Amino acid sequence: MMAGFGHSTRTRRTPRSRNRMGPRTGPDRATLGIIGLVCAIAGFFVLGIVLGPVAIICGWLAMGRRWNSGSVPALVAVVLGAIDTLLAIVWLIGTATLGNGMF
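Residues numbered from 1 in each chain as written. Predicted model: local features only at pLDDT ≥ 70, side-chain atom pairs only at ≥ 80, totals over all residues. Heavy atoms only, no water.

Note on placement: A88 falls in helix α3 (residues 72-98). On a C-alpha basis, the gap between A88 and G43 in space is 8.9 Å, while along the polypeptide they are 45 residues apart. In contact with A88, not counting residues within four places along its chain, are G48 and I49. (Helix = DSSP H or I, 4+ residues; strand = E, 2+ residues; numbered from the N terminus. Contact = heavy atoms within 4.5 Å.)

So, on to the confidence of the model for the chain. As a note on interpretation, predicted positions should not be read in detail where pLDDT is low. Looking at the chain, pLDDT values average 80 and 69% of them are 70 or higher. Confidence, expressed as mean pLDDT per element, reaches its minimum in the chain at α3 with 90 and its maximum at helix α2 (residues 48-62) with 93. (pLDDT = per-residue confidence, 0-100.)

Turning our attention to the nonpolar core. For soluble globular proteins, nonpolar side chains are generally found buried alongside one another. If you look at the biggest cluster of nonpolar residues, it comprises 6 residues: L32, C58, A62, M63, A74 and V78. Elements represented by at least two residues in this core include exactly α2 and α3. (Core = buried A, V, L, I, M, F, W, Y, C linked by side-chain atoms within 4.5 Å. Buried < 20%, exposed > 50% of the residue type's maximum accessible area, 1.4 Å probe, protein only.)

Next up, the structure:
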């Protein structure tokens, strides 16, 4: 059978494969992992209660919502973000109970 217009018989019915996920917008996974890592490290020094959860979210999205993604910065961002958040919560509880200004 002769295929017209330059198409071979094998690829006649299946056009070139396209990206099934659609157009990619926003930061890619590697960038999200690095952003999460920076937020986790900065959270130890300032605004840990805010930067800790941001690091967890960025790291989790960078891992593709799977634990076995193989992205080391993303995994470190999730772990450090969790530690950072816990330390900030403990610090807030300690500040609220020990020095409330009454005695």
